[in-house]
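Structural features, examined
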Amino acid sequence: MANTSSAKKATRKIARRAAINKNRRSRVRTYVRQVEEALAAGDKTAALAAFKFAEPELMRAATKGVLHKNTASRKVSRLAHRLKVLSA
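In this convention, every chain numbers its residues from 1, walking through the sequence in written order. With the structure being a predicted model, the display of local features is reserved for residues of pLDDT at least 70 and the display and counting of side-chain atom pairs for 80 or more, all residues being used for whole-chain, interface and lining totals. Side-chain figures throughout are based on the complete set of non-hydrogen atoms in the structure, without hydrogens or water.

Side note on the overall build of the protein
What counts as a helix is a DSSP run of H or I of at least four residues, what counts as a strand is a run of E of at least two, and both are numbered from the N terminus. The helix and strand inventory of the protein stands at 3 helices and 0 strands. Sequence-ordered secondary structure for the protein, helices as α and strands as β, is α-α-α. A radius of gyration in this sense is built from C-alpha atoms; the matching globule rule multiplies 2.2 Å by the number of residues raised to 0.38. Relative to the 2.2 N^0.38 estimate, which gives 12 Å for 88 residues, the radius of gyration of the protein is 17 Å and therefore markedly larger than a compact globule would have. Summary of the burial criterion: residues with accessible area below 20% of their type's maximum are buried, those above 50% are exposed, and those between are partly exposed, where the area comes from a 1.4 Å probe applied to protein chains only. A total of 88 residues make up the protein; the buried ones form 24% of that total. Any two residues whose heavy atoms approach within 4.5 Å are treated as being in contact. At a minimum sequence separation of 6, the contacts of the protein that also span at least 24 residues come to 53%. For the protein, the computed accessible surface area is about 6400 Å², with 53% contributed by carbon and sulfur atoms. For accessible areas, the Shrake-Rupley method is used with a probe of radius 1.4 Å. Any residue's cover is judged against the shown protein chains and nothing else.

In C-alpha cells form, the structure reads like this:
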C-alpha cells in the first residue's frame, strides 16, 4: 500500500485515468461492433453511417493513448476495405 502522500495521489490519478481509458475503449468497441454488424447484415448505408462514427473514435483513442496509432489505423483500414468490398 502507498505510504507517502505523493504515492497516494499517484494511485488516485492512475485509478481515475484507468476508468477514463476503460470508457474510451468501450466506446471504440461499440462503434466498431456496429460497423461489423451492419457489414454482416449486408446493409451498405448503415455500415457507411456507422463507419463515419467509428473512424474518428478510433483515431481519438490512438491520440489519447488508449490504442497504438498503428492499431487504430489498421482497424480503420480493414473496416474501410470491407465496406468497399460490400459496395462493389
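Observations regarding the pattern of salt bridges
We count a salt bridge whenever a side-chain nitrogen from Lys or Arg sits within 4 Å of a carboxyl oxygen from Asp or Glu. Using the criterion set out here, one finds 4 salt bridges in the structure. Among the charged side chains, a salt-bridge network with shared partners connects R27, E57 and R60.

A closer look at the environment of R17
Position of R17 relative to the elements: it lies in helix α1 (residues 5-41). Relative accessible area serves as the criterion here: at 45%, R17 is assigned to the partly exposed category.

Here's the deal with the packing of α1 against helix α2 (residues 44-64)
Only the stretch in contact is used when a helix axis is fitted, and all axes are lines through C-alpha atoms; the angle between N-to-C directions ranges over 0 to 180 degrees. Running from N to C, α1 and α2 cross one another at 155 degrees; their axes reach a closest spacing of 8 Å. Comparing their axes, α2 and α1 come out roughly antiparallel. In the packing of α1 onto α2, the handedness of the crossing is left-handed. Contact residues: α1 offers R24, R27, V28, Y31, V32, Q34, V35, A38 and L39, while α2 offers A46, A47, A50, F51, F53, A54, E57, L58, A61 and K64. Per-class residue counts for the contact of α1 with α2 are 14 nonpolar, 1 polar and 4 charged. In what follows, roughly perpendicular refers to angles from 65 to 115 degrees, roughly parallel to angles under 35, roughly antiparallel to angles over 145, and oblique to any angle outside these ranges. Helix crossings get a hand from a simple test, with the near helix turned counterclockwise from the far one by less than a right angle marking a left-handed crossing and a clockwise turn marking a right-handed one. Think of it as three bins: nonpolar holds Ala, Val, Leu, Ile, Met, Phe, Trp, Tyr, Cys and Pro, charged holds Asp, Glu, Lys and Arg, and polar takes everything else, Gly as well.

A short note on α1
Counted at 1.5 Å a residue, the expected span for α1 with its 37 residues is 54 Å, and the 54 Å between its end C-alpha atoms agrees. Looking at the packing, one finds that the buried side of α1 touches α2 and α3 (69-87). One or two positions beyond α1, positive phi appears at G42, with a value near 80 degrees. Given a helix with a known number of residues, its expected span is that number minus one, times 1.5 Å.

What to know about the environment of L86
Relative to the elements of secondary structure, L86 occurs in helix α3. The sequence separation of L86 and G42 amounts to 44 residues, and the corresponding C-alpha distance is 7.0 Å. With residues near it in sequence (within four places) discarded, L86 still touches L39, G42, D43, K44 and A47.

Focus on the nonpolar core
Side-chain atoms within 4.5 Å link the members of a nonpolar core, which is a set of buried Ala, Val, Leu, Ile, Met, Phe, Trp, Tyr and Cys residues. V28, V35, L39, F51, L58, L67 and L79 are the most contacted members of the largest nonpolar core, which totals 18 residues. When residues in this core are grouped by element, the largest group, 7 residues, is from α2. Discounting chain neighbours no more than four positions away, the residues touching L58 are V28, V32, L67, A72, K75, V76 and L79.

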